[in-house]
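Each chain, written out:
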Amino acid sequence: MLRLSQLFVRTLREDPSDAEVPSHRLLVRAGYIRRAAPGGYTWLPLGWRVLRRVEAIVREEMDAMGAQEVHFPALLPRDVYEQTNRWNEYGDNLFRLVDRKGADYLLGPTHEEMFTLRVKDLYSSYPDLPVSLYQIQTKYRDEARPRAGLLRGREFLMKDSYSFDIDGAGLKKSYDDHRDAYERIFRRLHLPYVIVKAMSGAMGGSVSEEFLAPIEAGEDTFVRCTSCDYAANTEAVATGSLEPDSVGHPATTEVVTPGCGTIASLVDFLNANNPRPDRPWGASDTLKNVVLSLRHPDGSRETVVIGVPGDREVDLKRVEAQVSPAEVEPLDEAGFAAHPRLVRGYIGPQVLGAASAAGIRYLLDPNVVPGSAWVTGANRADTHVLHLVNGRDFSCDGEIEAVEVRAGDPCPVCSRPVEIARGIEIGHVFQLGRLYADKLGLQVLDQNGKQVTVTMGSYGIGVSRAVASIAEVFNDELGLKWPRAVAPADVHVVVTGKNDDAITQAAEALARDLESRGLEVLIDDRNGVSPGVKFKDAELIGIPTIVVVGKSLADGNVEVRDRHAGTNTAVAVGEAAEAVVALSRG
RNA sequence: CGGGCUGUGGCGCAGCUUGGUUAGCGCGCUUGUCUGGGGGACAAGAGGUCGUGGGUUCAAAUCCCGCCAGCCCGACCA
């Protein structure tokens, strides 16, 4: 039994000034956590209980799907990460340290290498596979900017698992098993989630999905269909299929457009001097050609131009996800100087293309559909062309998903409008394939006695982040209100009488009764604390069932309050324990 | 890493502009009395390197510079 008179906790009457998002504010205020370091939190007894309950659910479901729990060190030697080049590639987010001998170490941000090498160490033939291993481990990432309390720390608890299979079909099954287990886990946690398609980046062809909890404080933006179940990370979202433009367009004409280096000025100028007969010109009639510089992994640079409708911005993250592993940035001054054919503000596709004299690749966003007509630059200062038709007057070297996605864009599956939402990544499932196994030489003998490279998946759940996400979803103006599956206790007994009187005795007896029925009980047995304070604390702490033993005892009743339903029911003392048990199981 | 704001007892804040008593208020904490169904009252207390290092000055919480930390926005985030 937890006694509030003894419990190591202090609730705060006011919000801590450094906490902004609800989960951070309430977890600190209700005495679950305290900040200990930049991006690091101390778990106080209440918080630690919630974390352990979440962890237990994750563990149960992982075990149930046949994964085996192991535990690696968080402190890892550099050389292993050298072999996969992640010592370098992981960049500044890797926590690095040096021991007394000057040897380099790191604090594990994720453990692909260690698991791969351990499997290589123990297993060597196909009957050993498949195998899925997992751990629940403290992870470290040297985030440039920890924020939002537990939602984005530098030290956090994560369940990471890895599957090892002999072939693609096996990997697919391991992946699906994990995906199913994740769905069960998040359902049990009562954490709403959306599974979104994620970019697999350089691993081309591999499958990756993220589990996002749709909460405002989240830092991921995703797209979901208002009609079907399509959802995707904005980087991975595909443009809905658009009809080609089959309307006949007038022949191309050049117009002199002095000082029209921007889309807005161009549209204004055209409406004033070259009005359309049918409707005013708009930014969406213009073709904007954005010049980007790609930096390839070998260090070489390439200039490319991407054509998008003038009313849209280019989303560099989406572009980067598609040209990965190359990195993308806008072309700088020196870059323009090296390409005299690119007349800034007046760039048009007529002179572009890999086969052109300039030799610059020209890519089009799918929103620039075949047959559509555009106003665009004439590649001479102060001159634009009208009615330049895609396919008739210019061509491209390929398509690229480049524009920022907007609410209302058509769903790639059902063409109904999509919406944009915010979420936090609480899980990620990833078919790694043979990337790590290749680099670390994880091979086993197959049935024919041949060495084959093992294919892998990696799967993560942010356990501490899940706690924060649950707090983010389940709260109101009074405080937290935990789902029963993860609450720090099942029932919170509030004693409003003075010590040693009948009320106290009845409350203590009820608490013991509840405990003997298998419930975890938190009792507010503090003496000399007014009822108002106790009620406020109970609501703030957020245990889903609150039983008040107080003045209604005179009528033989206690009050059973349901924090979620907001109900307050008088129940005879003798029936209270049963009623609470029923509520807790309901 | 860039921009903005901030750092004063456990928590929330005032004081800083214009340097000068013993650094103040509310909450919380301790003791006592009262009170006892919505953060109650009265009284007496404890608790402070004013983030930190340097500088200016007879004198710095206050002015100047560096650093550290926090929050927000952006960049970053397999």
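Reading the values: the criteria
Residues numbered from 1 in each chain as written. Chains lettered and ligands numbered in written order. Predicted model: local features only at pLDDT ≥ 70, side-chain atom pairs only at ≥ 80, totals over all residues. Heavy atoms only, no water. Helix = DSSP H or I, 4+ residues; strand = E, 2+ residues; numbered from the N terminus. Buried < 20%, exposed > 50% of the residue type's maximum accessible area, 1.4 Å probe, protein only. Contact = heavy atoms within 4.5 Å. Areas by Shrake-Rupley, 256 points an atom, 1.4 Å probe, with all protein chains shown as cover. Lys, Arg positive; Asp, Glu negative; His and termini not counted. Charge placed at Lys NZ, Arg CZ, Asp CG, Glu CD. Domains from an automatic or database assignment. Buried area = accessible area lost by both parts, 1.4 Å probe. Salt bridge = Lys/Arg side-chain N within 4 Å of Asp/Glu carboxyl O. Nonpolar A, V, L, I, M, F, W, Y, C, P; charged D, E, K, R; others polar. Near = heavy atom within 4 Å. Polar contact = N/O pair within 3.5 Å; in protein donor to acceptor, adjacent residues only side chain to side chain. Expected span 1.5 Å × (residues − 1). Pairing = 2+ DSSP bridges.

**Structural notes on the overall build of chain A**
Then, number 1: Assigned secondary structure in chain A consists of 14 helices and 32 strands.
Then, number 2: Principal-axis analysis of the C-alpha atoms gives chain A an extent of 95 × 70 × 45 Å.
Then, number 3: Residues counted as buried form 51% of the 586 residues belonging to chain A.
Then, number 4: Put simply, of all contacts in chain A between residues at least 6 apart along the chain, 68% involve residues at least 24 apart.
Then, number 5: Accessible surface for chain A amounts to roughly 26,200 Å². Of this, 49% is attributable to carbon and sulfur atoms.
Then, number 6: For chain A, the separation between the mean place of its 65 positive charges and that of its 83 negative charges on side chains is 4 Å.

**Quick notes on the domain arrangement of chain A**
Then, number 1: Parsing chain A into structural domains produces domain 1 (15-237 + 420-471), domain 2 (253-399) and domain 3 (489-585).
Then, number 2: Its C-alpha centre places domain 1 at a distance of 39 Å from the equivalent point of domain 3.
Then, number 3: With seven residues of domain 1 at the interface, the matching set in domain 3 holds five residues.
Then, number 4: Overall, the association of domain 1 and domain 3 removes approximately 540 Å² of surface from exposure, summing both partners, and the carbon and sulfur fraction of that is 52%.
Then, number 5: Here Arg-53 makes a salt bridge to Asp-490, at a shortest N to O gap of 3.9 Å.
Then, number 6: Considering only residue class, the side of domain 1 that touches domain 3 consists of four nonpolar, no polar and three charged.

**A word on the protein's contact with RNA strand B**
Then, number 1: In the vicinity of RNA strand B, 40 residues are found, and the nearest of them are Arg-13, Pro-38, Glu-539, Glu-559 and Arg-561.
Then, number 2: Atoms of RNA strand B within 4 Å of the protein: sugar and phosphate make up 43%, bases the balance.
Then, number 3: Take Arg-29: an N or O atom from its side chain is 3.5 Å from a base oxygen of RNA strand B.
Then, number 4: Arg-152 has a polar side-chain atom sitting 2.9 Å from a base oxygen of RNA strand B.
Then, number 5: When contributions to the surface near RNA strand B are tallied by element, the ones reaching two or more residues are strand E22 (418-433), helix H13 (531-541) and strand E31 (557-562).
Then, number 6: Per-element accounting of the surface near RNA strand B gives the leading share, seven residues, to H13.
Then, number 7: Partitioning the surface near RNA strand B into residue classes produces eleven nonpolar, nine polar and 20 charged.

**Here's the deal with the side chain of Arg-318**
Then, number 1: Mapped onto the elements, Arg-318 comes out in helix H8 (residues 316-323).
Then, number 2: Within polar-contact distance, the side chain of Arg-318 engages the side chain of Glu-401 at 2.9 Å.
Then, number 3: When near neighbours in sequence (up to four residues on either side) are disregarded, Arg-318 contacts Thr-234, Glu-235, Val-237, Ala-238, Thr-239, Glu-401, Ala-402, Val-403 and Val-405.

**Brief notes about the pattern of salt bridges**
Then, number 1: Taken as a whole and judged by the stated rule, the model has 43 salt bridges.
Then, number 2: Among the ionic pairs, Arg-179 bridges to Glu-209, the shortest N-O distance being 2.8 Å. Placement of the pair is Arg-179 in helix H6 (residues 168-188) and Glu-209 in strand E11 (residues 208-213), with a sequence separation of 30 residues.
Then, number 3: For Arg-561, the salt bridge goes to Glu-559, with nearest N and O atoms at 3.1 Å.

**So, H6**
Residues lying three or four places apart along an α-helix face the same way, a consequence of the helix completing one turn every 3.6 residues.
Then, number 1: Spanning 21 residues, H6 covers 30 Å between terminal C-alpha atoms, matching the ideal 30 Å at 1.5 Å per step.
Then, number 2: Among all positions in H6, only Gly-170, Leu-171, Ser-174, Tyr-175, His-178, Ala-181, Tyr-182, Glu-183, Ile-185 and Phe-186 are buried.
Then, number 3: One or two steps after H6, the chain reaches His-190, where phi turns positive at roughly 60°.

**Structural notes on the pairing of strand E16 (residues 301-309)**
Then, number 1: E16 sits mainly inside the fold: seven of its nine residues count as buried.
Then, number 2: Direction of pairing for strand E15 (residues 287-295) relative to E16: antiparallel, over a ladder of nine bridges. Bridge assignment links Val-290 to a residue of E16, and that residue is Ile-306.
Then, number 3: Between E15 and the antiparallel strand that follows it, E16, lie five residues; Gly-299 among them carries a positive phi value of about 95°.
Then, number 4: Looking at chain direction, E16 and strand E18 (residues 361-364) are connected through four bridges and run parallel. Paired with Gly-307 across the strands is Leu-364, a residue of E18.

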